[in-house]
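Descriptive structure summary
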Amino acid sequence: WVRFNNAQRAHYNMVESAAPIVGCVIVAGLAHPRTAAALGFAYSFGRIVYGNGYTSTAGADGRMAGAAISALASLVLFGISIVQGLRIGLGSMF
């Protein structure tokens, strides 16, 4: 029962964060398509590692490696998206 509950939590965590990440990949991909695709892949890979670690015998402690990978990828994506959004919004001023 605990393993199923942890798998369900990992899945819900992915579903909750998927929409902002997809939006950031799209916005970041306007200027840096390969970088955005690579970061999207890194985020997805991190979530897979997160889910596998969460459902392992380590329990909640097993998710840390995947959480670190996906958090780093998402932070870089957010940063690129903010810069790209400012470039679009401010035009040639930025």
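Overview of the structure. The residue numbering used here restarts from 1 in each chain and proceeds along that chain's sequence as written. Local features in this predicted model are restricted to residues of pLDDT 70 or higher, and side-chain atom pairs are both shown and tallied only at a pLDDT of 80 or more, whereas totals for entire chains, interfaces and linings draw on every residue. The side-chain numbers reported here are obtained from all heavy atoms of the structure, hydrogens and water having been left aside.

1. So, the packing of helix α2 (residues 33-54) against helix α3 (residues 64-90)
This is how the line gets drawn: Note on method: axes are straight lines fitted to C-alpha atoms, helices fitted across the in-contact stretch only, with angles between N-to-C directions ranging 0 to 180 degrees. By the criteria applied, helices consist of DSSP H or I runs no shorter than four residues and strands consist of E runs no shorter than two, each listed in order from the N terminus. Reported orientations rely on four angle classes, namely roughly parallel under 35 degrees, roughly antiparallel over 145, roughly perpendicular from 65 to 115, and oblique for the rest. If you view the pair so one helix is near and one far, a crossing is left-handed when the near helix is turned anticlockwise from the far one by less than a right angle, and right-handed when it is turned clockwise. We call two residues in contact whenever any of their non-hydrogen atoms come within 4.5 Å of each other. We call Asp, Glu, Lys and Arg charged. Ala, Val, Leu, Ile, Met, Phe, Trp, Tyr, Cys and Pro are nonpolar, and the rest, Gly among them, are polar.
Contact pair α2 / α3: the axes reach a minimum separation of 7 Å and the direction vectors enclose 155 degrees. Judged by the inter-axis angle, α2 sits roughly antiparallel to α3. Both α2 and α3 take part in a crossing whose hand is left-handed. Residue-level contacts link T35, A36, L39, G40, A42, Y43, F45, G46, R47, V49 and Y50 of α2 to A65, G66, A67, I69, S70, A73, S74, V76, L77 and I80 of α3. Residues belonging to the contact of α2 with α3 are distributed by class as follows: 14 nonpolar, six polar and one charged.

2. Topic: the packing of aromatic side chains
Rules: What counts as a ring pair is set by centres within 6.5 Å for rings of Phe, Tyr and Trp (its six-membered ring), and what kind of pair is set by the plane angle: stacked under 30 degrees, edge-to-face over 60, tilted for all other angles. Relative accessibility decides the category of a residue: with a 1.4 Å probe and only protein chains considered, values under 20% of the type maximum give buried, values over 50% give exposed, and everything between is partly exposed. A ring is considered to have a charge above it if a Lys NZ or an Arg CZ atom is located within 6 Å of its centre and within 35 degrees of its normal.
Under the definition given, this model contains one aromatic pair. On the numbers, 5.7 Å between centres and 70 degrees between planes, the contact of Y50 with Y54 is edge-to-face. You can see Y50 and its partner Y54 sitting in helix α2, four residues apart, about one turn around the helix. Taking the relative accessible area as the measure of exposure, Y50 reaches 7% and is therefore buried. Given a relative accessible area of 5%, Y54 falls into the buried group. The cationic tip of R47 hangs over the ring face of Y50; the distance from NZ or CZ to the ring centre is 4.2 Å. The cationic tip of R63 hangs over the ring face of Y54; the distance from NZ or CZ to the ring centre is 5.0 Å.

3. Brief notes about helix α1 (residues 2-29)
Turn by turn, an α-helix covers 3.6 residues, leaving residues three or four places apart pointing in a common direction. Condition: To estimate how far a helix should extend, the number of its residues minus one is multiplied by 1.5 Å. Fitting one axis to the seven residues ending at a residue and another to the seven starting there, the bend at that residue is the angle between the two axes.
Taking 1.5 Å per residue as the helical rise, α1 with its 28 residues ought to reach 40 Å, and the 39 Å between its terminal C-alpha atoms agrees with that figure. Bending of α1 peaks at approximately 40 degrees at the position of A18, with proline P20 no more than four residues after it. For α1, the complete set of buried residues consists of N6, A10, I21, C24 and A28. Those residues of α1 that are buried are in contact with α2 and α3.

4. Quick look at the nonpolar core
Nonpolar side chains in soluble globular proteins generally cluster together in the buried interior. What counts is decided by this rule: Joining through side-chain atoms within 4.5 Å is the link that ties buried Ala, Val, Leu, Ile, Met, Phe, Trp, Tyr and Cys residues into a set, and such a set is a nonpolar core.
Counting nine residues, the largest nonpolar core consists of I21, C24, A28, A36, L39, Y43, A73, L77 and I80. Counting residues per element, the ones that place at least two in this core are α1, α2 and α3. Filtering out sequence-adjacent residues up to four positions away, A28 remains in contact with A36, L77, I80 and S81.

5. Description of α2
Going by this rule: Taking the helix axis as origin, the arc is that swept by the directions to the C-beta atoms.
Spanning 22 residues, α2 covers 31 Å between terminal C-alpha atoms, matching the ideal 32 Å at 1.5 Å per step. Listing the buried residues of α2 in full gives A36, L39, G40, Y43, G46, R47, Y50, G51, G53 and Y54. For α2, the buried positions fall inside an angular range of 165 degrees around the axis, keeping them on one side. Away from its buried face, by an angle of more than 90 degrees, α2 presents the exposed residues R34, F41, I48 and N52.

Bear in mind that shape data such as this cannot, by itself, settle questions of function.
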